Amino acid sequence: MAPAGPPHHTPEPADLVVAGALLVATVDDERREIAGGWVAITDGLVSGVGGPGTEPPAAEVLRADGCLVTPGLINTHHHIYQNLTRSYRPATRSDLFGWLTELYPLWSRLDEEAAYLSAWIGLAELALGGCTTSTDHLYVHPTGGGDLITAEITAATELGMRFHPTRGSMSLSQKDGGLPPDSVVQDDDTILADSERLVAQHHDPSWGAMVRIALAPCSPFSVTPELMTATAELAERLDVRLHTHLAEDPDEDTFCLETYGVRPIEHFEAVGWGSDRAWVAHCIYPNEAEIARLGTWGTGVAHCPSSNMMIGGGGIAPVAEYRAAGVPVGLGCDGSSSTDSASLWMEARNALLLGRLRRGPASTGARDALEIATRGSAGCLGREGELGQLSVGAVGDLVCWPLEGVAFAGAISDPVEAWLRCGPVSARHTVVAGNPVVRDSVLVHPEVEDRLARHRKAAEALQSPFVS
Ligand SMILES: [Zn+2]
């Protein structure tokens, strides 16, 4: 006979509990920071966050002793395929236009195998550096190269990374006054049809989606205004996001004034892109009125601090002004052969340093950089409240950063500041949708050596005859 009284409620165990953190920085609406905290994840979403002694039962417990736990960092701008031509010697002293002109012929050899391997290695690198969601901007689609973006998605799925590939494009070749050679551009109809196909095949609009597609003509100097306009119309019809490079280099100002009679951001508006559907990479050279316009539109900016310093023409994106104007500002590592590395920890630190260099030490702290790398990036991707914070119902993406050892000795008063001011540090655990992608500082997928060997062959094929 059943005992009388209220039914006994045993709470459903969570799929995963990350427990024993030094500090959980939730970056939630209240910006709670919980010493000794834990995070529970069930069905890929955060199902609880709390303090010591209140952990729910779980199928699996991941220890975070000595770690700062943050939401997974989100990369809003990248060209992963470029890791096949990293630090390519003939171009290391070039400015942006010279560097591109040197590398376009190499990139014209891209194929599905190369795209798959570059994405596999690039996303593995990002995961080890604390990234859980990455975009990619693949704008070179050589004739006969195959379905490069589907090959990348295969790699992301194998690794368990959340992925937002963008269908990049170039349609304005040298013979028409653009920068790229004929071999790497496509006509507008081909680009638009392939964009629509990729959205139909891969784009998942649902909450917690692992793959979303955005449309991404490359830049004002490599696509026609007609393609920009048609792409904006297609994105509206398919309800997907828009991405492009904007105001990246002083040469771009000159090009736009000579070609279109307006500045880059005026051109961007004229082709129908001034909206909260778009986020743009770099945006280093706006004037004051243009910053306000971007804020009014709600257009996001992917801040790429290493790239600003490496190849951006000497300027630094006005991040503080953007944020004051209401522009969503996210973080990006930019292409693998302009920045060459892809650690979002390093980008966050560089955002901290550049912010302080521009506006003084009181202007920017580690929490600002963390905010940009999480909530700000989620805003760029149109996923506020879903990505970039540890709150119930948000995605179960987080990173455990070990603040231990000689690099962190003495840093005992503020783990969030210590995280970026000390270091360097990479992830002990990187969890995506409740699944560890990196565990104990090692990639969980067992085949990294095989992919590295194949990547080496693909890189040699692209760089031959300079490297053989
Ligand atoms: Zn870029």
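Everything numeric in this text was worked out from a predicted model, so none of it was measured.

Asks: Looking at this structure, how should I read the coordination of the zinc ion?
Replies: Tetrahedral coordination by four donors sets the ideal angle at the metal to 109.5 degrees; octahedral coordination by six donors sets it to 90 or 180 degrees. With distances of 2.1 to 2.5 Å, the protein atoms coordinating the zinc ion are His77 (NE2), His79 (NE2), His245 (NE2) and Asp334 (OD). Around the zinc ion, the four donor atoms are arranged such that angles at the metal cover 85 to 173°; this shape is classified as irregular. For the zinc ion, the donor residues sit on a single chain with the sequence spacing H-x1-H-x165-H-x88-D. Within this pair, whereas His79 is found in the loop between strand 8 (73-75) and helix 1 (96-107), its partner Asp334 is found in the loop between strand 15 (329-331) and helix 11 (344-359), the two being separated by 255 residues in sequence.

Asks: Please clarify how unusual backbone geometry should be interpreted in this entry.
Replies: Glycine aside, residues mostly have negative phi, and peptide bonds are mostly found in the trans state. Cis geometry marks the peptide bond from Gly423 to Pro424, where omega comes out at 10°. Note on placement: Pro424 falls in the loop between helix 13 (415-421) and strand 17 (429-432). For Asp43, which is not glycine, the phi dihedral falls at a positive 50°. By the element assignment, Asp43 lies in the loop between strand 4 (38-42) and strand 5 (45-50). Residue His282 is not a glycine yet carries a positive backbone phi of 80°. Within the fold, His282 resides in strand 13 (residues 278-282). Classification of His282 by relative accessible area gives buried; the value is 1%.

Asks: I keep staring at the packing of aromatic side chains and nothing clicks. Help me out?
Replies: Both the distance between ring centres and the angle between the ring planes are used here to describe each pair of aromatic rings. One pass over the full model with this rule turns up eleven aromatic pairs. Aromatic side chains Tyr81 and Trp107 sit 5.1 Å apart centroid to centroid with 85° between the ring planes, which places their arrangement in the edge-to-face category. Of the two residues, Tyr81 sits in the loop between strand 8 and helix 1 while Trp107 sits in helix 1, which places them 26 residues apart along the sequence. Trp107 carries the same exposure label as Tyr81, and that label is buried. An aromatic cluster is present here, built from Tyr81, Trp99, Tyr104, Trp107 and Tyr139 joined pairwise through their rings.

Asks: Just to check I follow, could you spell out the sheet that holds strand 5 for this structure?
Replies: Where strands meet in a sheet, backbone hydrogen bonds hold them as pairs that are either parallel or antiparallel. Within the open sheet, the four strands sit side by side as 5-4-1-6. Their pairing is mixed. Looking at strand neighbours, the two that pair on one side only are strand 5 and strand 6 (58-63), the edges of this open sheet. On average, each strand axis in the sheet is inclined to that of its neighbour by 20°, with strand direction left out of account. Relative to strand 5, strand 4 runs antiparallel, the two sharing five bridges. Note on strand 5: the bridge partner recorded for Ile41 is Val46.

Asks: Please explain the pairing of strand 13 as it appears in this structure.
Replies: Each regular strand displays side chains that alternate between the two surfaces of the sheet. Taken across its five residues, strand 13 has five buried, putting it largely inside the fold. One ladder, built from five bridges, connects strand 12 (residues 241-246) with strand 13; its direction is parallel. When the sheet's bridge partners are listed, Leu246 is paired in strand 13 with His282.

Asks: Would you take a moment to explain the sheet that holds strand 18 (residues 435-439) for this structure?
Replies: Overall, mixed pairing links the seven strands, which are arranged 3-2-7-16-17-18-19 in an open sheet. Every other strand in the sheet has two partners, leaving strand 3 (33-35) and strand 19 (442-443) as the edge strands with one partner each. Bridge analysis of strand 16 (residues 398-402) against strand 17 gives three bridges, and the strand direction is antiparallel. Residue pairing across strands places Leu398 opposite Val431, the latter belonging to strand 17.

Asks: Any chance you could explain helix 4 (residues 188-202) here in plain terms?
Replies: For the α-helix, the turn length of 3.6 residues means that residues three or four positions removed from each other point alike. For helix 4, built from 15 residues, the straight-helix expectation of 21 Å at 1.5 Å per residue is met to within 8% by its first-to-last C-alpha distance of 21 Å. Turning to helix 4, its buried residues number three or more, namely Ile191, Leu192, Asp194, Ser195, Leu198, Val199 and His202. Seen from one end, helix 4 has its buried residues packed into an arc of 165°, which puts them on one side. Facing away from the buried side of helix 4 by more than 90 degrees, the exposed set consists of Asp189 and Ala200. Summarising the contacts, the buried residues of helix 4 are in contact with helix 3 (148-159), strand 10 (162-169), strand 11 (214-217) and helix 5 (225-238).

Asks: Sorry if this is basic, but what is going on with the packing of helix 3 against helix 4 here?
Replies: Angle between the axes and distance between the axes are the two parameters that describe a pair of packed helices. For the pair helix 3 and helix 4, interaxial distance at closest approach is 11 Å and the crossing angle is 25°. When the interaxial angle is binned, helix 3 and helix 4 end up roughly parallel. As for the relative orientation of helix 3 and helix 4, their crossing is right-handed in sense. Residues Ile149, Thr150 and Ile153 of helix 3 lie in contact with helix 4, whose contacting residues are Arg197, Leu198, Gln201 and His202. Residue composition of the contact of helix 3 with helix 4, by class: three nonpolar, three polar and one charged.

Asks: When you look at the pattern of salt bridges in this model, what are you seeing that I'm missing?
Replies: A side chain of one charge can pair with a side chain of the opposite charge when the charged atoms of the two come close. What the rule picks out here adds up to 32 salt bridges. Ionic pairing is found between Glu196 and Arg237, a salt bridge with its closest N-O pair at 3.2 Å. Of the two residues, Glu196 sits in helix 4 while Arg237 sits in helix 5, which places them 41 residues apart along the sequence. Judged by relative accessible area, which is 56%, Arg237 ranks as exposed. One salt bridge in this structure joins Arg383 and Glu386, with 2.7 Å as the shortest N-O distance. A residue is classified by how much of its surface remains accessible, and Arg383, at 1% relative accessible area, is buried. One network of salt bridges, with partners in common, ties together Glu113, Glu158, Glu447, Asp450, Arg451 and Arg454.

Asks: Sorry if this is basic, but what is going on with the nonpolar core here?
Replies: Nonpolar side chains in soluble globular proteins tend to be buried together. Counting 119 residues, the largest nonpolar core has Leu100, Trp107, Tyr139, Met161, Cys283, Trp401 and Trp419 as the members making the most contacts within it. Considering each element in turn, this core owes the most residues, eleven residues, to helix 2 (residues 112-128). Dropping the residues within four chain positions of it, Cys283 is found in contact with Leu246, Ala247, Ile265, Leu294, Val301, Ala317, Pro318 and Tyr322. Leu16, Val18, Ile34 and Val49 belong to the second-largest nonpolar core, a separate cluster that totals 17 residues.

Cut-offs used in this document
Residues numbered from 1 in each chain as written. Predicted model: local features only at pLDDT ≥ 70, side-chain atom pairs only at ≥ 80, totals over all residues. Heavy atoms only, no water. Donors = N, O, S within 2.8 Å, 3.2 Å for Na, K, Ca; no water. Tetrahedral: all angles 85-135°; square planar, octahedral: opposite > 155°, others 65-115°. Helix = DSSP H or I, 4+ residues; strand = E, 2+ residues; numbered from the N terminus. Buried < 20%, exposed > 50% of the residue type's maximum accessible area, 1.4 Å probe, protein only. Phe/Tyr/Trp six-rings, centres within 6.5 Å; stacked < 30°, edge-to-face > 60°. Pairing = 2+ DSSP bridges. Axes fitted to C-alpha atoms, helices over the stretch in contact; angles between N-to-C directions. Expected span 1.5 Å × (residues − 1). Arc of directions from axis to C-beta. Contact = heavy atoms within 4.5 Å. Parallel < 35°, antiparallel > 145°, perpendicular 65-115°, else oblique. Left-handed = near helix turned anticlockwise from the far one by under 90°. Nonpolar A, V, L, I, M, F, W, Y, C, P; charged D, E, K, R; others polar. Salt bridge = Lys/Arg side-chain N within 4 Å of Asp/Glu carboxyl O. Core = buried A, V, L, I, M, F, W, Y, C linked by side-chain atoms within 4.5 Å.

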